[in-house]
Amino acid sequence: MGIGARLTQQFAIAINRSEQMNVELEQRVAEKSAKLEHNFATLSELRATEATLRERQRIASDLHDDLGAKLLTLVYRAEDNSLAGVARSALQDLRDVVSRLSHGPLSLGALAARWQTEAEERLGPAAMELQWQQSAGLDELIITPQQGYHLERILREALSNAIKHSGGSLVSVALTFEPGGDLVVSIQDDGEHFVETTTGGNGIGNMVSRANTLGADIRWRRKAQGGCEVLVRLPLTVTPEDNAAD
């Protein structure tokens, strides 16, 4: 009887262990299944995102090659200066759209090169000289498409105001990345008019609105030697050192 009781006890212990192992196995199977489902959902999302990006790039390429070429032809062949100006403005807008469609995060160095080229193209016909300065290492500084878009629009409007209202012959643009993590953009002219108080259109309001959208500070300063400076300070969460480490 003692041996039978002992065997019965061991059998019960074995059954309990078996049941525990079954529970643990079921838990592991459930965890693995959930992980597989999550991985599959992530993969499906990545594939959908990749397909969307490919389609956006195709649309951007078509716009650039077809509509962009026609607008550029119109810019150079238009006999009416006002018509050429409209075509040039439309071409700039198209470039903005194409840039936003075809890019993810952007190198500020690449953007700055494009901005400098556009500024030279605009100031040249207005008989205004461009002085361009920028901090070293901007190629490693990454910003979002939204930041690049609104900064470009602010710069473009500041140049327009300098061309139309300043009466000057020189525009200085400086892009500086400060150690604290702020990107500072300065646009100065050597004209006789303080642009903020002489423009009555929507340009100034649009610049302020775009700066607010970015969480940036924008202000106008009258220079002691004459002219106006537009100063934009944009806090950035990504630093060149962080990007280099990644």
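Just so you know, the residues in each chain are numbered from 1, in the order the chain's sequence is written. Predicted model: local features are reported for residues with pLDDT of at least 70 only, side-chain atom pairs are reported and counted for 80 or more only, and whole-chain, interface and lining totals are derived from all residues. Side-chain measures here rest on the full set of heavy atoms in the structure, leaving out hydrogens and waters.

Trainee: Mind showing me how you'd approach the pattern of salt bridges here?
Mentor: Pairing is possible between side chains that carry opposite charge, provided their charged atoms lie close to one another. The rule for a salt bridge is simple: a side-chain nitrogen of Lys or Arg has to be within 4 Å of a carboxyl oxygen of Asp or Glu. The final tally for this structure, using the stated rule, is seven salt bridges. Across the pair Arg156 and Glu118 runs a salt bridge, and its minimum N-O distance is 2.8 Å. Separated by 38 residues along the polypeptide, Arg156 in helix H4 (residues 145–166) and Glu118 in helix H3 (residues 108–123) bring together distant segments of the chain. Under the relative-accessibility criterion, Arg156 is labelled buried at 8%. Among the residues examined, Glu118 registers a relative accessible area of 10% and is labelled buried. Ionic pairing is found between Arg156 and Glu152, a salt bridge with its closest N-O pair at 2.9 Å. Pair noted here: Arg156 and Glu152 are both in helix H4, with a separation of four residues, about one helical turn. Judged on exposure class, the residue Arg156 and its partner Glu152 are both buried. Residues joined in a network through salt bridges with shared partners are Arg114, Glu118, Glu152 and Arg156. Going along the chain from the N terminus, every DSSP run of H or I of four or more residues is numbered as a helix, and every run of E of two or more is numbered as a strand. Any residue under 20% of the maximum accessible area for its type is buried, any over 50% is exposed, and the rest in between are partly exposed; the area is computed with a 1.4 Å probe on protein chains only.

Trainee: Sorry, what's going on with the environment of Ala136 here?
Mentor: Summarising the element assignment, Ala136 is placed in the loop between strand E2 (129–134) and strand E3 (142–143). Using a relative accessible area of 80% as the deciding quantity, one classes Ala136 as exposed. The sequence separation of Ala136 and Leu175 amounts to 39 residues, and the corresponding C-alpha distance is 9.7 Å.

Trainee: What is the right way to look at the sheet that holds strand E5 (residues 182–189) in this model?
Mentor: Picture the strands of a sheet paired through backbone hydrogen bonds; they go either parallel or antiparallel. Pairing between strands is defined by DSSP: at least two bridges between the two strands are required. On the basis of which strands lie adjacent, the open sheet formed by five strands has the order E2-E4-E5-E7-E6 and mixed pairing. In the strand order of this sheet, the two ends are held by E2 and strand E6 (217–222), each with one partner. Shown here is a sheet whose adjacent strand axes are inclined to one another by a mean of 10°, direction ignored. Strand direction decides the pairing type here: E6 and strand E7 (residues 228–235), joined by six bridges, are antiparallel. Looking at the pairing, Arg222 lines up with Cys228 of E7. In what follows, a contact means two residues having at least one pair of non-hydrogen atoms within 4.5 Å. Each axis is a line fitted through C-alpha atoms, taken for helices only over the stretch in contact, and angles between the N-to-C directions span 0 to 180 degrees. Packed on one face of the sheet, H3 meets E2, strand E4 (170–177) and E5 and runs near 170° to E2. Along the sheet face, H4 touches E2, E4, E5, E6 and E7 and points at about 15° away from the line of E5.

Trainee: Sorry if this is basic, but what is going on with the pairing of E5 here?
Mentor: Put simply, side chains in a regular strand alternate between the two faces of the sheet. Across the eight residues of E5, seven count as buried, placing the element largely inside the fold. In this structure, E4 lies alongside E5, joined through seven bridges in antiparallel fashion. Bridging from a neighbouring strand, Val173 pairs with Ile187 of E5. Pairing geometry for E5 and E7, over seven bridges, is antiparallel. In the strand pairing of E7, Leu183 is matched with Leu234.

Trainee: Sorry if this is basic, but what is going on with the side chain of Lys223 here?
Mentor: Along the chain, Lys223 turns up in the loop between E6 and E7. We score Asp and Glu as negative and Lys and Arg as positive, and we do not count His or the chain ends. In this structure Lys223 is buried but unpaired, with Asp189 as the nearest side chain of opposite charge at 6.6 Å. One polar contact links Lys223 to Gln188, side chain to side chain, over a distance of 3.2 Å. Excluding residues within four positions of it along the chain, Lys223 makes contact with Gln188, Asp189, Cys228 and Glu229. Under the rule applied, a polar contact is a pair of N or O atoms within 3.5 Å (in protein, one hydrogen donor and one hydrogen acceptor; residues adjacent in sequence only if both atoms are side-chain atoms).

Trainee: Where do I start with the packing of H4 against helix H6 (residues 203–214) in this structure?
Mentor: Geometry of a packed helix pair, given as the angle between the helix axes and the separation of the axes. Across the interface, H4 lies against H6 with an axial gap of 10 Å and an inter-helix angle of 155°. Here H4 is positioned roughly antiparallel relative to H6, judged by the angle of their axes. Seen along the crossing, H4 lies across H6 with a hand that is left-handed. Between H4 and H6, the residues in contact are Gln146, Gln147, Tyr149, His150, Leu151, Arg153, Ile154, Glu157, Ala158 and Asn161 and Gly203, Ile204, Met207, Arg210, Ala211, Thr213 and Leu214, respectively. Under the scheme applied here, ten amino acids are nonpolar (Ala, Val, Leu, Ile, Met, Phe, Trp, Tyr, Cys and Pro), four are charged (Asp, Glu, Lys and Arg), and all others, including Gly, are polar. Classifying every residue of the contact of H4 with H6 gives eight nonpolar, six polar and three charged. Each angle receives one of four descriptions, namely roughly parallel if under 35 degrees, roughly antiparallel if over 145, roughly perpendicular if within 65 to 115, and oblique otherwise. Left-handed describes a crossing in which the near helix is turned anticlockwise from the far one by less than a right angle; the clockwise case is right-handed.

Trainee: Sorry, what's going on with H6 here?
Mentor: Residues spaced three or four apart along an α-helix point in a common direction, a consequence of the helix completing one turn every 3.6 residues. One fewer than the residue count of a helix, multiplied by 1.5 Å, yields its expected span. Taking 1.5 Å per residue as the helical rise, H6 with its twelve residues ought to reach 16 Å, and the 17 Å between its terminal C-alpha atoms agrees with that figure. All buried positions along H6 are accounted for by Gly203, Ile204, Met207, Ala211 and Leu214. Projected down its long axis, H6 shows its buried positions confined to an angular sector of 105°, all on one face. Of the residues one or two after H6, Gly215 is the one with positive phi, at around 75°. The arc in question is formed by the directions pointing from the helix axis toward the C-beta atoms.

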